[in-house]
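Spelled out from the first residue to the last, the chains are:
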Amino acid sequence: MSDKKASNQMWGGRFASGPAAIMEAINASISFDRKLYAQDIRGSIAHSEMLAETGIISTADQEKIAHGLNTILKEIEAGTFEFSTRLEDIHMNVEARLADLIGPAAGRLHTARSRNDQVAVDLRLWVKDECFRVAEALKGLISAFLERAEEHAATVMPGFTHMQAAQPVTFGHHCMAYVEMFSRDLSRVRDAIERMDESPLGAAALAGTSFPIDRHKTAKALGFREPMRNSLDSVSDRDFALEFLSLAAICATHLSRLAEEIIIWSTPQFGFVRLSDSFSTGSSIMPQKKNPDAAELVRGKTGRVTGHLVGLLTVMKGMPLTYGKDMQEDKESVFDAAETLDLMLAAMTGMVRDMTVNAAAMKKAAGSGHATATDLADWLVRTLGLPFREAHHVTGRAVALAEEKKVSLEKLSLEDLQSINPGITQDIFSVLAVQNSVKSRTSFGGTAPSEVRKQIRTWKKRIAKA
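Residues numbered from 1 in each chain as written. Predicted model: local features only at pLDDT ≥ 70, side-chain atom pairs only at ≥ 80, totals over all residues. Heavy atoms only, no water.

A.B. asks: Even after reading the chapter, I still don't get the overall build of the chain, so can you show me in this structure?
C.D. replies: Looking only at helices and strands, the chain has 20 helices and 6 strands in total. Scaling as 2.2 N^0.38, a compact globule of 466 residues should have a C-alpha radius of gyration of about 23 Å, whereas the chain reaches 31 Å, well beyond that. For the chain, the C-alpha atoms occupy an extent of roughly 100 × 55 × 40 Å along the three principal directions. The 466 residues of the chain split such that 50% are buried. Of the contacts formed within the chain by residues at least 6 apart in sequence, a portion of 75% connects residues at least 24 apart. Accessible surface, the chain: about 22,000 Å² in total, of which carbon and sulfur atoms supply 53%. Of the charged side chains in the chain, 56 are positive and 58 negative; the average position of the first set lies 3 Å away from that of the second. (Helix = DSSP H or I, 4+ residues; strand = E, 2+ residues; numbered from the N terminus. Rg over C-alpha atoms; globule rule 2.2 N^0.38 Å. Buried < 20%, exposed > 50% of the residue type's maximum accessible area, 1.4 Å probe, protein only. Contact = heavy atoms within 4.5 Å. Areas by Shrake-Rupley, 256 points an atom, 1.4 Å probe, with all protein chains shown as cover. Lys, Arg positive; Asp, Glu negative; His and termini not counted. Charge placed at Lys NZ, Arg CZ, Asp CG, Glu CD.)

A.B. asks: Just checking my understanding: could you explain unusual backbone geometry for this structure?
C.D. replies: Phi is mostly negative for residues that are not glycine, and the peptide bonds are mostly trans. Omega for the bond connecting Leu321 with Thr322 falls within 30 degrees of zero, at 10 degrees, which places this linkage in the cis form. If you trace the backbone, Thr322 turns up in the loop between helix H12 (293-316) and helix H13 (330-354). Not every positive phi belongs to a glycine, and Lys406 is a case in point at roughly 60 degrees.

A.B. asks: Would you explain the pattern of salt bridges in this entry?
C.D. replies: Side-chain pairs of opposite charge can arise where the charged atoms are in close proximity. On inspection of all chains with the given rule, the structure shows 28 salt bridges. Salt-bridge contacts for Asp61 lead to Arg108; the nearest nitrogen and oxygen are separated by 2.8 Å. One end of the pair, Asp61, is in helix H5 (residues 59-78); the other, Arg108, is in the loop between helix H6 (90-102) and helix H7 (115-151), and 47 residues separate them in sequence. Given the relative accessible area of 14%, Asp61 is considered buried. Arg108 sits in the partly exposed class, given a relative accessible area of 44%. Between Lys325 and Glu88 there is a salt bridge, and its shortest N-O distance comes to 3.8 Å. Here the residue Lys325 occupies a position in the loop between H12 and H13, and Glu88 occupies one in the loop between H5 and H6, the gap between them amounting to 237 residues. Judged by relative accessible area, which is 4%, Glu88 ranks as buried. Put simply, Glu194, Glu198, Arg225, Glu226 and Arg229 are held in one network by salt bridges that share partners. (Salt bridge = Lys/Arg side-chain N within 4 Å of Asp/Glu carboxyl O.)

A.B. asks: How should I be thinking about empty space enclosed by the protein in this particular structure?
C.D. replies: It is a probe the size of a water molecule, rolled over the atoms, that shows where empty space is left. Enumeration over the complete set of coordinates arrives at 2 cavities of 30 Å³ or more. By volume, the second largest cavity amounts to about 40 Å³. If you go around the second largest cavity, the residues you meet are Gly367, His370, Ala371, Thr372, Ser408, Leu409, Glu410, Leu432 and Val434. (1 Å grid on protein atoms, 1.4 Å probe; cavity = no way out; pocket = protein on both sides within 12 Å on 5 of 7 lines; lining within 4 Å. Points joined across faces, edges and corners; volume = space filled by probe spheres on them.)

A.B. asks: Teacher, can you tell me more about helix H20 (residues 449-465) here?
C.D. replies: Each α-helix winds once per 3.6 residues, and so residues spaced three or four apart point in a common direction. An ideal rise of 1.5 Å per residue puts 24 Å on 17 residues; H20 measures up with 25 Å between its terminal C-alpha atoms. Those residues of H20 that sit buried are Pro449, Glu451, Val452, Gln455, Ile456, Trp459 and Ile463. Take H20 and look down its axis: the buried residues cluster within an arc of 145 degrees, on one side only. Turned more than 90 degrees away from the buried face of H20 sit Lys461, Ala464 and Lys465, all of them exposed. Residues of H20 that are buried sit in contact with H7, strand S2 (164-170), helix H8 (171-196) and helix H19 (434-440). (Expected span 1.5 Å × (residues − 1). Arc of directions from axis to C-beta.)

A.B. asks: Looking at this structure, how should I read the layout of surface pockets?
C.D. replies: Estimates place the volume of the largest pocket at around 500 Å³. Taken together, 24 residues make up the lining of the largest pocket; nearest its centre are His173, His174, Ala177, Tyr178 and Glu261. Here the lining of the largest pocket spans two domains, and each of domain 2 (115-150 + 168-364) and domain 3 (368-464) adds at least three residues to it. (Domains from an automatic or database assignment.)

A.B. asks: Got a minute to help me understand the nonpolar core in this structure?
C.D. replies: Nonpolar side chains in soluble globular proteins tend to be buried together. Within the largest apolar cluster, 99 residues are counted, with the highest numbers of intra-cluster contacts made by Val127, Phe145, Phe182, Phe244, Leu255, Met348 and Met351. Among the elements that make up this core, the one with the highest residue count is helix H11 (residues 239-265) (16 residues). Leu255 has contacts with Leu141, Phe182, Val298, Leu341, Met344, Leu345 and Met348, leaving out every residue within four places of it along the chain. Formed by 21 residues, the second largest nonpolar core is a distinct cluster that contains Ala373, Ala398, Ile424 and Val431. (Core = buried A, V, L, I, M, F, W, Y, C linked by side-chain atoms within 4.5 Å.)

A.B. asks: Mind showing me how you'd approach the domain arrangement of the chain here?
C.D. replies: Note: interface size is frequently given as the accessible area lost on complex formation between the parts. Looking at the chain, the domain boundaries give domain 1 (21-108), domain 2 (115-150 + 168-364) and domain 3 (368-464). Taking only C-alpha atoms, the centre of domain 1 and the centre of domain 3 are 69 Å apart.

A.B. asks: Would you explain the packing of aromatic side chains in this entry?
C.D. replies: For any two aromatic rings, the description comes down to two numbers: the centre-to-centre distance and the angle of the planes. Scanning the model with the defined rule gives 8 aromatic pairs in all. Both rings, one in Phe81 and one in Phe83, keep their centres 4.8 Å apart while their planes meet at 55 degrees; by these two values the pair is tilted. For Phe83, a relative accessible area of 24% translates into the label partly exposed. On the numbers, 5.2 Å between centres and 75 degrees between planes, the contact of Phe270 with Phe272 is edge-to-face. Judged by its relative accessible area of 25%, Phe270 is partly exposed. Here the aromatic cluster, defined as three or more aromatic residues joined through ring pairs, consists of Phe145, Tyr178 and Phe182. Lying over the aromatic face of Phe335, Lys35 brings its terminal NZ or CZ to 5.7 Å of the ring centre. The lysine or arginine in question, Arg133, covers the ring of Trp126, its NZ or CZ lying 5.7 Å from the ring centre. (Phe/Tyr/Trp six-rings, centres within 6.5 Å; stacked < 30°, edge-to-face > 60°. Lys NZ or Arg CZ within 6 Å of the ring centre and 35° of its normal.)

A.B. asks: Explain the pairing of S2 here, please?
C.D. replies: Consecutive side chains along a regular strand alternate between the two faces of the sheet. Examined bridge by bridge, strand S1 (residues 156-161) and S2 share 6 bridges and lie antiparallel to one another. Each bridged residue has a counterpart across the sheet, and for Phe160 the counterpart in S2 is Ala165. Remark: 2 residues form the turn of the hairpin made by S1 and S2, two consecutive strands paired antiparallel; His162 in that turn has positive phi of roughly 55 degrees. (Pairing = 2+ DSSP bridges.)

And the structure:
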């Protein structure tokens, strides 16, 4: 495309001179919105077909337009298309090249359409496509957790509150907590798709058009459920972008929480897991180091995704109806957040599948910190009929005695325990063992291996149908 051709501004004869260099630089979006090329061409073909079927343009012109647009698609995908910043955006770049290829017929394509509804449909299509990609990635991550949960349904580890050992759980149960977490992310993605499944195309600049267009036809052709019902909202709405960024930020936060646990677990002090070499790096000076850099980067990139959400919310908060150039700032946020989330999901799925679990270290840690104290209190309530608050007090005295003797609760003698409450019998030791504690938690959603396996079976069926 020649510089002379590129300098011909396509907004018509209203402006006598071309834009200043600074204006051109701040106004142009082609450096990032070229990512919308496939959606732009897809939308234009659907629009041209509708124009021909409604008799607004001739079939001959529509065929030329479709052929030209498909030629442009091939050029872009082959890397031979010349993008120009002077033509501002992907829409003008495609339209200018279409004019080069087919001549005056190209000018008919923009009938009953504006760049306002054009960019709205392009970005909505792109975000919808990305949501389907994220959904598949989440299903892969959930499946990885289900595999690890099944493998470790009975592997005992400490459960934490306040980062202090609280009660024994199983690693399988811990994995299933992330299955629940990421399944909510999957649900949010699907909900978002449902809400954004409406086409803004045909709203034109803001008021609709006097041409006898068929918006239901173009909506169906582009895979939308129906057209949006208000032309003003059609061109001004960016809820779909905000909702994508919101679900991305929540999902990234979940990934970051998991990353933090992996980082802690992989330290020598914990030694619960070992990351594969594929997701670790070494130190330039300390040869013994194996750093969980992939997990750290997932944790760090969460701030980036959350920042994009806050950024676009800030852009949109002062926007009156309908379109303002401010809204051009939506794309870079969405594109980068999507790319970042895709990478985070892929990295985390790889880490979960590849990491080695140190069951012995987990079991040893599960018995620390008097983790079965609640089991002792429950036994006192269940067997001796004590009120829970009294049982809590008795247990607290037992913990204090164990700490004084520098032993675990289960290492206290029966005489030690009877000195606190004479009603305690030898049977108490059946609940103080970590493995027995875990097995006893059979309430729905509990950590007992039998319950964990039930949840695994349920989720395998759900994911198979998803």
